[in-house]
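# Architecture and fold: a report
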Amino acid sequence: MSRQRVILHAYFTMPDGAGPTPEVYEQLLQLAAGLTPRVQALPPDSAHLDLTGALRYWDRDAQGLCDLLRLRTAALTGAQATCAVAPNRALATMAAAATPLGATTILTAHDITAWLRPRPVAALYGVGPATATKLHKFGLHTIGDLADAPLPTLTRIFGSATGRALHAHAHGHDLRPVEPRPTPKSTTTGHTFTTDCLDPDEHRRALLALTHDLGARLRDEHQATSTLTLTVRYADRTTTTRSRTLTEPTQHTHALTDAAYDLYRLLGLQRARVRQLTLRAEALRPAADARTQLTFGADDDRSLAVEAASDRARVRFGSGAIKPAALAHSVRARSQRG
């Protein structure tokens, strides 16, 4: 019989409540690697650690290793670590979302069924607002309801891959290993609302500010991105992440905004209480190496001309010199680099 895995999900916050900067985040990953070599980065503020072999090496239980990680991160970076340990990655992620900041949750194999079944389906790993709404329409309100639903029914409603994933997660199963790999070359910008925000218009205005910040940064650094990732953190600290591979690498704000709005629309947030939006440009490459499809539209030419003029004004007069009218009364994005 295979040994039960012990997976730690660590979520890091700074004393002001914001996430770590990319530089601090890299330090946190190095500290985590001091406990176990099996660390998988989950930018911008989390990581999975496979503690299965580290328990015997350190001669400590899971609680002891979590205490050690929290002590080291606080002492060396000032960051606060929220820890949750479970037999697999999905359960560890869910437990971390339900853990108070700076605390530790230990979920053993014996606890899984009793812990999972009463929880709302929206709390299940991989279930976003749109999927939760669809599950509610079919009378599936708790994870226990979902676990009791026949697998063929779920695959008919959601398709084979999604139906099987929902069925497995509802029963507490997740076979994904922790995969150590280099942090991908990316650049990130984020906005934290002063209060949990319900207004979709405010969400879109924040996204517009983020894409303008991201586009300007990519052009300043002569980079283009092939993948855009949107992460939404809710009032209960759960997150939903969606990515899109762009039709062509870009550094232009208009294309980034269209992609960000599409990702937001697909989430079906409606009246979700959003605490933070993070936009990450991934798979960066030199802009000179990016191939661009030729177009013959006057609108495209005007958009690029306006963007170039805006960049010149920004260089001369500062980042706030020119911005869309929709952002006239909005707060500036909190930017991160990575």
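Residues numbered from 1 in each chain as written. Predicted model: local features only at pLDDT ≥ 70, side-chain atom pairs only at ≥ 80, totals over all residues. Heavy atoms only, no water.

For the protein, the count of helices and strands is 12 helices and 11 strands. Expressed as a percentage of its 338 residues, the buried residues of the protein come to 46%. On the protein, roughly 17,200 Å² of surface is accessible, and the fraction owed to carbon and sulfur atoms is 54%. (Helix = DSSP H or I, 4+ residues; strand = E, 2+ residues; numbered from the N terminus. Buried < 20%, exposed > 50% of the residue type's maximum accessible area, 1.4 Å probe, protein only. Areas by Shrake-Rupley, 256 points an atom, 1.4 Å probe, with all protein chains shown as cover.)

Pairs of packed helices are described in terms of their axes, by the angle between the two and the distance that separates them. Packing of helix H1 (residues 22-33) against helix H3 (residues 62-77) leaves a shortest axis separation of 10 Å and a crossing angle of 145 degrees. As H1 packs across H3, the resulting crossing turns out to be right-handed. Along its contact with H1, which presents Val24, Gln27, Leu28, Leu31 and Ala32, the element H3 presents Leu69, Arg72, Thr73, Leu76 and Thr77. Among the residues forming the contact of H1 with H3, the class breakdown is 6 nonpolar, 3 polar and 1 charged. (Axes fitted to C-alpha atoms, helices over the stretch in contact; angles between N-to-C directions. Left-handed = near helix turned anticlockwise from the far one by under 90°. Contact = heavy atoms within 4.5 Å. Nonpolar A, V, L, I, M, F, W, Y, C, P; charged D, E, K, R; others polar.)

To continue, consider helix H8 (residues 151-158). Within H8 the residues assigned to the buried category are Leu154, Ile157 and Phe158. Projected down its long axis, H8 carries its buried residues within an arc of 75 degrees, all on one side. Buried positions along H8 lie against helix H6 (129-137), helix H7 (143-148) and helix H9 (160-170). One or two positions beyond H8, positive phi appears at Gly159, with a value near 95 degrees. (Arc of directions from axis to C-beta.)

Before going further, it helps to spend a moment on the packing of aromatic side chains. Taken as a whole and judged by the stated rule, the model has 1 aromatic pair. In this structure, Arg119 is placed above the aromatic ring of Trp115, and the distance from its NZ or CZ to the ring centre is 4.4 Å. The aromatic ring of Tyr261 is capped on one face by Arg204, whose charged end is 3.9 Å from the ring centroid. (Phe/Tyr/Trp six-rings, centres within 6.5 Å; stacked < 30°, edge-to-face > 60°. Lys NZ or Arg CZ within 6 Å of the ring centre and 35° of its normal.)

Taken residue by residue, the protein gives an average pLDDT of 86. The fraction at 70 or more is 85%. Of the regions scoring below 50 in pLDDT, residues 331-338 engages in 36 contacts with residues more than four places distant in sequence or in other chains. (pLDDT = per-residue confidence, 0-100.)

Turning our attention to the pairing of strand E9 (residues 274-282). Taking burial as the measure, the 9 residues of E9 include 8 buried ones, the bulk of the element. Summarising the sheet, strand E6 (residues 186-197) and E9 pair through 8 bridges and their orientation is antiparallel. When the bridges of E9 are listed, Thr187 appears paired with Ala281. Bridge count for strand E7 (residues 223-234) against E9 is 8 bridges, and the pairing is antiparallel. Each residue of the ladder has a partner; that of Val232, found in E9, is Leu277. (Pairing = 2+ DSSP bridges.)

Going from Pro43 to Pro44, the amide bond is cis rather than trans, its omega being 10 degrees. Note on placement: Pro44 falls in the loop between strand E2 (39-42) and strand E3 (46-50). Positive phi, close to 55 degrees, is recorded for His222, a residue that is not glycine. Along the polypeptide, His222 turns up in the loop between helix H10 (200-220) and E7. When its relative accessible area of 57% is taken as the criterion, His222 is described as exposed. For Ala283, which is not a glycine, the phi torsion comes out positive at approximately 50 degrees. You can see Ala283 is positioned in the loop between E9 and strand E10 (285-286).

The next subject is the sheet that holds E2. Backbone-to-backbone hydrogen bonds join strands into a sheet, with any given pair of strands oriented parallel or antiparallel. Taking strand neighbours across the sheet as the criterion, the 5 strands line up as E2-E3-E1-E4-E5 in an open arrangement whose pairing is mixed. On the outer flanks of this sheet lie E2 and strand E5 (104-106), each paired with one strand and no other. Ignoring which end each strand starts from, the neighbouring axes of this sheet average 15 degrees apart. Bridge count for E2 against E3 is 4 bridges, and the pairing is antiparallel. When the bridges of E3 are listed, Ala41 appears paired with Ala47. Docked against the sheet, H3 engages strand E1 (7-13), strand E4 (80-86) and E5, running at close to 160 degrees with respect to E4.

Counted according to the given criterion, the structure contains 10 salt bridges. A salt bridge links Asp262 to Arg265, with the shortest nitrogen-to-oxygen separation between them at 3.6 Å. Remark: Arg265 and Asp262 occur in helix H11 (residues 253-267); sequence separation between them is 3 residues, near one turn of the helix. Look at Asp262 and you get partly exposed, because its relative accessible area is 26%. On the basis of relative accessible area, Arg265 is assigned to the exposed category, the value being 53%. Three or more residues are tied together by salt bridges with common partners; here these are Arg244, Asp262 and Arg265. (Salt bridge = Lys/Arg side-chain N within 4 Å of Asp/Glu carboxyl O.)

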